[in-house]
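Here's the letter readout for the chains.
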Amino acid sequence: MRANQDTVVNIGLSLTTLALLIHASQSLDVNHALRRNAVSSANVVSDVASRFSSLLQQLHDRDAEQSLLDAADAERTRSTIQEAISAKDKALLEKAYELREESRMEEENARGMASSFAATLQQFSGQSEGANSCKGLACGGNGFCDESSQEGARCRCKAGYEGTGFVCNPAVSFVEHPLISEAPGSKAPQVADLHVTSLRDNAVAVLFRDASRQNRGFLVIGVAQDSGMRWSAPALLSSSAVFGPVLAELEDSSLAIAYRTDDRGGDGVLLAARRDAENRIQLGAPRVFTHYQAQSMSLIALPQSRVVVLFAEHQPNKAAPGKWEHFGTSLLADILPDERLGGQMVPRVLGKYHFAQGAVSRISAAPLSSKLFAIAYRQGRSQNMEKLDDKSPSREASVSLAELWGSELVFTTKSLSLEPQKEQIWARSVAGLGDGAFAYTYHSGAEQLTKQVVLRLNAEHRLEMIQEPRVVASGFSPFVSTVSTVQRNEKAEAPGHRLFTFIGQHGAQGLGQICGVNDRGIPDHCQDVGATGREVLAVATALLTDNRVFLLTSSANGVPYYTLVGLTP
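Residues numbered from 1 in each chain as written. Predicted model: local features only at pLDDT ≥ 70, side-chain atom pairs only at ≥ 80, totals over all residues. Heavy atoms only, no water.

Visitor: Please clarify how the state of the cysteines should be interpreted in this entry.
Guide: Within this structure, the stated rule accounts for four disulfides. Sulfur-sulfur distance for the disulfide between cysteine 157 and cysteine 168 comes to 2.2 Å. As the torsion about the S-S bond is roughly -90°, the cysteine 157-cysteine 168 disulfide counts as left-handed. Of the two residues, cysteine 157 is situated in strand E2 (residues 152-157) and cysteine 168 in strand E4 (residues 168-170); the sequence distance between them amounts to 11 residues. The residues cysteine 157 and cysteine 168 share a single accessibility class, namely buried. (Disulfide = S-S within 2.5 Å. Helix = DSSP H or I, 4+ residues; strand = E, 2+ residues; numbered from the N terminus. Buried < 20%, exposed > 50% of the residue type's maximum accessible area, 1.4 Å probe, protein only.)

Visitor: Looking at this structure, how should I read the environment of leucine 199?
Guide: Checked against the element boundaries, leucine 199 lands in strand E6 (residues 191-199). When the C-alpha atoms of leucine 199 and isoleucine 221 are compared, they prove to be 9.0 Å apart, with 22 residues separating the residues in sequence.

Visitor: Just to check I follow, could you spell out the pattern of salt bridges for this structure?
Guide: Pairing of side chains with opposite charge becomes possible as their charged atoms draw close. Tallied over the full model, the rule gives 15 salt bridges. Aspartate 210 serves as the salt-bridge partner of arginine 213, at 2.5 Å between the closest nitrogen and oxygen. You can call aspartate 210 buried: its relative accessible area is 3%. When the shortest N-O distance is used, the salt bridge between arginine 548 and aspartate 546 registers 2.8 Å. Exposure remark for arginine 548: the relative accessible area of 1% places this residue in the buried category. Aspartate 546 gets classed as partly exposed once you look at its relative accessible area, which sits at 23%. When salt bridges that share partners are traced, they join Glu419, Lys422, Glu447 and Lys451 into one network. (Salt bridge = Lys/Arg side-chain N within 4 Å of Asp/Glu carboxyl O.)

Visitor: Mind showing me how you'd approach the nonpolar core here?
Guide: A general trend in soluble globular proteins is that nonpolar side chains are found buried together. Val196, Val204, Val206, Phe208, Met229, Phe550 and Leu552 are the most contacted members of the largest nonpolar core, which has 19 residues in total. Secondary-structure elements contributing two or more residues to this core are E6, strand E7 (203-210), strand E8 (216-224), strand E33 (538-543), strand E34 (548-554) and strand E35 (560-566). Dropping the residues within four chain positions of it, valine 204 is found in contact with Val196, Thr197, Ser198, Leu199, Val220, Ile221, Gly222, Met229, Trp231, Ala542, Leu544 and Phe550. (Core = buried A, V, L, I, M, F, W, Y, C linked by side-chain atoms within 4.5 Å. Contact = heavy atoms within 4.5 Å.)

Visitor: Just checking my understanding: could you explain the sheet that holds E33 for this structure?
Guide: Picture the strands of a sheet paired through backbone hydrogen bonds; they go either parallel or antiparallel. Spatially, four strands are ordered E5-E35-E34-E33 in an open sheet, and the strand pairing comes out antiparallel. Since the sheet does not close on itself, it has two edges, and those belong to strand E5 (177-178) and E33, each with one partner. Note that E34 and E35 share seven bridges and pair antiparallel. When the bridges of E35 are listed, threonine 553 appears paired with tyrosine 561. (Pairing = 2+ DSSP bridges.)

Visitor: Quick question: what am I supposed to make of the environment of aspartate 262 here?
Guide: Topologically, aspartate 262 is positioned in the loop between strand E12 (255-260) and strand E13 (266-275). According to the relative accessible area criterion, aspartate 262 is partly exposed, its value standing at 37%. C-alpha of aspartate 262 to C-alpha of glycine 244: the two residues are 18 residues apart in sequence and 9.2 Å apart in space. Residue contacts for aspartate 262: discarding those within four places in its chain leaves Phe243 and Gln293.

Next up, the structure:
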């Protein structure tokens, strides 16, 4: 019964259409049909829809004859208006003609809506025939109309949802698709370093390294449609090796890309790119901004075409030859056209700032507003601490906040360690929850538990924990990824927000979970939504414009798969 009510609401009947339906139901003796005990409610709906459609056809046939008479009458009215002597008579005749035309158009509109209602009701009740066209159907939320020569027009659920097309809910199982279509006889890819970023216009950018092709890096753009994804041709990022590529879209739709040139000891490279209307990629000139790289980076887009590169920096210690200095570093740059290079987009370094003293790894970052962002990272003990006190607090689950003030990056709070008594904190991911709150999900290797904590920047500009660590999964989890529907500058109080968490379990399928986000910015009412069909080696997620999640995984043999996950019912 609830599904029927939701469908009636979704198709948006006007008062005029309802009046037609009531009049038709009286003629069709609906009450008598409802009293027949042997007929199910679905059959009653189907019977009413068929009789209602038949009545509309009779009205259409009658109106076809009437329209010939109306056309002749309209021609006589126009002639009378032209022959009117006084301006007053002419104005009255023109007003009468205008009112008549408005009435005729309202009747046609009401009849069209009634016809749409009948076709929608027929499909909803399970009748096999489709409508003649999508104009005659009103599908439900997260549904769309699909036309084919075999079935006509039918309502279906968007990819990532399941249901009738009139009532669509998040799918309880994942439908996986290969990211790369292999030509017969071609060499199978060995994909690693997966990264995905959401773009405007319901699109995503996927970057990866292909070990089977001399570790070349590739970028491919996908546009999410109702029925699935439409992909562009892969673009080569460099003629040499590319490790750990990441991407961010800037406010002018240009792209910032960063990577390192080797697995260990490589250079850090930043470059700009543009995509055209056909999603073809034009790359700018690369710029080396650091050396001795061995860890993955993270990018955050900021206003005025600025971008922050977060990376683990290693420098030779000039005061102590043979030794190294380690930092968690943020590089602020802007990407603007350079007239000297014919308008080519070129990165320009504006400043470099340290957010951690000591070796860092496993950096994850998420925007909390247009200028504020959170940085989650693993920080090892410094050599001084190891010598002085082996029981010094662990900083393996650390977090810092940074904000753009003018043209400077400022770290507005003291860094916080979530588990100062625990070590072996590995995979992690952060996602904004609105109003300065964010979820920090991490795996505690010693405990074999994946946990999630919620933090917020309070009025005193300090990080406070508004939800203690809660266990979201048991067992070893080498990968975790989170994404939230709460966007930048948006309040969590807005209804219907969701937090999606994906946990890749070692030697097992990856698991998905969807939580609501309450008015305090805390996840609640969590439900498992499905699992991958194979062991997961790598995970990346991005939120689409229509609030579906693009989930990208890699199998144990390096083959990438993607799936679309519906979030909102």
